[in-house]
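Understanding the architecture of this molecule
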Amino acid sequence: MLIVKKFGGTSVADKERIFNVANRCIEDYKKGHDVVVVLSAMGKQTDVLLDMANDINPNAPKRELDMLLTTGEQTSVALMAMAMHALGVPSISLNAFQVAMHTTSVAGNAKLIKIDKDRIRHELEQRKIVIVTGFQGICKYDDYTTLGRGGSDTTAVALAATLHADACEIYTDVDGVYTADPRIVEDAKKLDQITYDEMLELASFGAGVLHNRSVEMAKKYGVQLVVRSSLNTTEGTIVKEEVKMEKMLISGVASDKNVARIAVVGLEDQPGVAFKLFRHLANHNVNVDMILQSIGRDNTKDISFTVTEDMADVAVETVERHRSGSLKCQDVKVNKNVSKVSIVGAGMQTNPGVAAQMFEALYDANVNIQQISTSEIRVTVLIDEEDTNKAMNAVHKEFDF
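Focus: the overall build of the protein
When helices and strands are tallied, the protein shows twelve helices and 18 strands. Relative to the 2.2 N^0.38 estimate, which gives 21 Å for 401 residues, the radius of gyration of the protein is 22 Å and therefore close to what a compact globule would have. Projecting the C-alpha coordinates of the protein onto the three principal axes gives extents of approximately 75 × 50 × 35 Å. Relative to its 401 residues, the protein shows a buried fraction of 51%. Carbon and sulfur atoms make up 47% of the accessible area of the protein, which amounts to about 18800 Å² in all. Taken as two groups, the 44 positive and 55 negative side-chain charges of the protein have centres that lie 4 Å from each other.

Have a look at this one:
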């Protein structure tokens, strides 16, 4: 049996936790299983490195940032291999070059293209535990790239798919997937299982347990995931295509404060304007969400949309750059004091009135809604950031999990 195990930064934050992870991996190894371990950087090391970079150059080239950030994972995998050797178990650490993990060339947000499996297979045949850097790859120019925050989850799923692993286990500092963030909602409940689609929506709209691209990849390649705690041995949450239990109306409530709202005011009300706006943004790798277009008046219209907060300045600069050319608009406004709150559940497909129930809960909590976005299994609202926790608790209570 081949098992891929991924551990987040808090799971390897210090010597004690490194040896805890080492022992958990060795348990499966001693049962005769092949074990591949994917690690994130230790604790808050990525933030430390970013602070160092910002101190030197707040506008550092993204290529150099990737060169710096990949050292975090290389540190954790090397220390883990040392720990396993200290415990008498053969192991080897491998980085993105040594595997190799091929990606696109977008520094800071690269996508995996393929993973060479020969080196890993060779080391497994030598009965070694293979410890691989998460979050990173190499592009066609032989430069290091990173996959974006949370990218170690994607690395683990990609390895599980490439190696045809029998299990892919994602270890974190929580016991599994909850109906809401238990740090915000006291009566949040742990789910035994959840579908890929529901988990993807939750991950995309603020549930920090799994990286959304990892869930997307798991669904595409049929990799069943188990999310569990690295700090105890309780059963976690299974993420898979279908769940046998009767579907809950709502599976979870998620929030995301890493949001900014951009309003482009006074655009010409004519065909092609929206295309030009979002083409310019795409050319600068700005992902947009929650698009709202006003009804045209006086031959103008307004378009507002949300982006991640770290891309807000890029979005504004992009619009301003084309303001006197292809995008003729009156003003560009940005609001970084907003957040998204979402409800997700396959059960809402066959139950009318779910959105109204959510809106009623927000009304009773005196929370104002700025924008609304929906899918078949999700309703998302944009609200003031200061109302996030109040909204989460009100909505969670409304659906009586």
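Description of helix 10 (residues 312–321)
Residues that lie three or four places apart on an α-helix share one face, since the helix turns once every 3.6 residues. Within helix 10 the residues assigned to the buried category are Ala312, Ala315, Val316, Thr318 and Val319. Take helix 10 and look down its axis: the buried residues cluster within an arc of 160 degrees, on one side only. The inward-facing, buried residues of helix 10 contact strand 13 (252–268), helix 9 (273–283), strand 15 (300–307) and strand 16 (331–344).

Some remarks on the sheet that holds strand 18 (residues 378–384)
The sheet built from six strands is open, its strands ordered 14-15-13-16-18-17 with antiparallel pairing. Across the chains shown, the open sheet's two edge strands, defined by having one partner strand only, are strand 14 (289–293) and strand 17 (371–375). Each strand axis lies, on average, 25 degrees off the axis of its neighbour in the sheet, ignoring direction. Here strand 16 pairs with strand 18 via seven bridges, running antiparallel. Bridge pairing in strand 18 links Lys340 to Leu382. Against the sheet, helix 10 contacts strand 13, strand 15 and strand 16, and its axis sits at roughly 135 degrees relative to strand 16. Its contacts with the sheet place helix 12 (residues 388–398) against strand 13, strand 16 and strand 18, and it is angled at close to 120 degrees to strand 13.

Description of the packing of aromatic side chains
One pass over the structure, following the stated rule, counts three aromatic pairs. Relative to Tyr144, the ring of Phe97 lies with its centre 5.0 Å away and its plane at 85 degrees, an arrangement referred to as edge-to-face. Here Phe97, found in helix 4 (residues 96–99), pairs with Tyr144, found in strand 8 (residues 144–146); they are 47 residues apart in sequence, far enough to count as distant. What makes Phe97 partly exposed here is its relative accessible area of 33%.

Looking at the pairing of strand 17
With five bridges connecting them, strand 17 and strand 18 associate as antiparallel partners. The residue of strand 18 that forms the bridge with Ser373 is Thr380.

Focus on the packing of helix 2 (residues 45–56) against helix 3 (residues 62–86)
Where helix 2 contacts helix 3, the axes come no closer than 9 Å and their chain directions differ by 150 degrees. If you check the angle between helix 2 and helix 3, you find them roughly antiparallel. For helix 2 against helix 3, the interelement crossing comes out right-handed. Within the contact between the two elements, helix 2 uses Gln45, Thr46, Leu49, Leu50 and Ala53 and helix 3 uses Leu65, Leu68, Leu69, Thr71, Gly72 and Glu73.

What to know about helix 6 (residues 151–163)
Here helix 6 contains 13 residues, and its C-alpha end-to-end distance of 18 Å stays within 8% of the 18 Å for a straight helix at 1.5 Å per residue. Within the span of helix 6, buried status applies to Gly151, Ser152, Asp153, Thr154, Thr155, Ala156, Val157, Ala158, Leu159, Ala160, Ala161 and Leu163. Backbone geometry just after helix 6 places His164 at a positive phi near 55 degrees.

Describing the sheet that holds strand 2 (residues 34–39)
With mixed pairing, eight strands are arranged side by side in an open sheet as 3-6-2-1-9-11-12-10. Edge positions in the open sheet fall to strand 3 (91–94) and strand 10 (193–195), since each of these has one partner strand only. With strand direction ignored, the average angle separating the axes of adjacent strands in the sheet is 20 degrees. Across six bridges, strand 1 (residues 2–7) lies against strand 2 in parallel orientation. Within the sheet, the bridge partner assigned to Val4 lies in strand 2 and is Val36. Across the face of the sheet, helix 1 (residues 15–30) comes into contact with strand 1, strand 2, strand 6 (129–133), strand 9 (167–172) and strand 11 (225–229) while running at roughly 170 degrees to strand 1.

A look at the pattern of salt bridges
Within this structure, the stated rule accounts for 18 salt bridges. Ionic pairing is found between Arg119 and Glu123, a salt bridge with its closest N-O pair at 2.9 Å. Taken as a pair, Arg119 and Glu123 lie in helix 5 (residues 118–125) at a separation of four residues, close to a single helical turn. With relative accessibility at 31%, the residue Arg119 sits in the partly exposed group. The salt bridge partner of Asp197 is Lys219, with a shortest N-O separation of 3.4 Å. One end of the pair, Asp197, is in helix 7 (residues 196–204); the other, Lys219, is in helix 8 (residues 212–221), and 22 residues separate them in sequence. By relative accessible area, Asp197 is classed as partly exposed at 35%. By relative accessible area, Lys219 is classed as partly exposed at 30%. When salt bridges with common partners are traced through the structure, they connect Lys5, Asp28, Glu169, Arg228 and Glu235 into a single cluster.

Basis of the calculations
Residues numbered from 1 in each chain as written. Predicted model: local features only at pLDDT ≥ 70, side-chain atom pairs only at ≥ 80, totals over all residues. Heavy atoms only, no water. Helix = DSSP H or I, 4+ residues; strand = E, 2+ residues; numbered from the N terminus. Rg over C-alpha atoms; globule rule 2.2 N^0.38 Å. Buried < 20%, exposed > 50% of the residue type's maximum accessible area, 1.4 Å probe, protein only. Areas by Shrake-Rupley, 256 points an atom, 1.4 Å probe, with all protein chains shown as cover. Lys, Arg positive; Asp, Glu negative; His and termini not counted. Charge placed at Lys NZ, Arg CZ, Asp CG, Glu CD. Arc of directions from axis to C-beta. Contact = heavy atoms within 4.5 Å. Pairing = 2+ DSSP bridges. Axes fitted to C-alpha atoms, helices over the stretch in contact; angles between N-to-C directions. Phe/Tyr/Trp six-rings, centres within 6.5 Å; stacked < 30°, edge-to-face > 60°. Parallel < 35°, antiparallel > 145°, perpendicular 65-115°, else oblique. Left-handed = near helix turned anticlockwise from the far one by under 90°. Expected span 1.5 Å × (residues − 1). Salt bridge = Lys/Arg side-chain N within 4 Å of Asp/Glu carboxyl O.

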